[in-house]
Amino acid sequence: MQNEWDVHLSFQEDGVHTSCEARLTGARAPGLRGHGEAVRSAEDRPLARIGEEVAASRALDELAARLRAQADGELADEGHRPAYLIF
């Protein structure tokens, strides 16, 4: 069996705040999303790329946590002993 998921990142930025939504896409991908934000300090130069990197990393962290939680729940629903994911 072969399966493929993609991660789609979309950004919104207003010069100070940057937000990112990360979502899994694909025919068999779980419909999960993560959100991350970054705020530029008044002393920082206005470099949108840095805000996007910080917001994206936070969105991906949240997406990963939700994916782990979903997998844990599905393992528990199968009646197995408590799930401990090792990574």
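Residues numbered from 1 in each chain as written. Predicted model: local features only at pLDDT ≥ 70, side-chain atom pairs only at ≥ 80, totals over all residues. Heavy atoms only, no water.

1. Thoughts on the sheet that holds strand β1 (residues 6-13)
- Taken in spatial order, the three strands line up as β1-β2-β3 in an open sheet, and their pairing is antiparallel. Every other strand in the sheet has two partners, leaving β1 and β3 (33-39) as the edge strands with one partner each. Strand-to-strand twist in this sheet, taken as the mean axis angle between neighbours without regard to direction, amounts to 20 degrees.
- Note: strand β2 (residues 17-25) against β3, seven bridges, orientation antiparallel. Directly across from threonine 18, in β3, lies its bridge partner alanine 38. (Pairing = 2+ DSSP bridges. Helix = DSSP H or I, 4+ residues; strand = E, 2+ residues; numbered from the N terminus. Axes fitted to C-alpha atoms, helices over the stretch in contact; angles between N-to-C directions.)

2. Concerning the confidence of the model for the chain
- Mean pLDDT over the chain stands at 88; residues scoring 70 or higher make up 87%.
- No element of the chain has a lower mean pLDDT than helix α1 (residues 48-77), at 90, and none a higher one than β3, at 97. (pLDDT = per-residue confidence, 0-100.)

3. Structural notes on the side chain of threonine 18
- In this fold, threonine 18 is placed in strand β2.
- Those residues in contact with threonine 18 that sit more than four places away from it in its chain are Phe11, Gln12, Glu13, Gly36, Glu37, Ala38, Gly51, Glu52 and Ala55. (Contact = heavy atoms within 4.5 Å.)

4. With respect to the nonpolar core
- With 10 residues, the main nonpolar core is built from Cys20, Ala22, Leu24, Ala29, Leu32, Ala38, Ala55, Ala56, Ala59 and Leu63.
- Looking at this core, the elements with two or more residues in it are β2 and α1.
- It is α1 that provides the largest number of residues to this core, a total of four residues.
- Among all residues touching alanine 56, those that are not within four sequence positions of it are Leu9, Phe11 and Cys20. (Core = buried A, V, L, I, M, F, W, Y, C linked by side-chain atoms within 4.5 Å. Buried < 20%, exposed > 50% of the residue type's maximum accessible area, 1.4 Å probe, protein only.)

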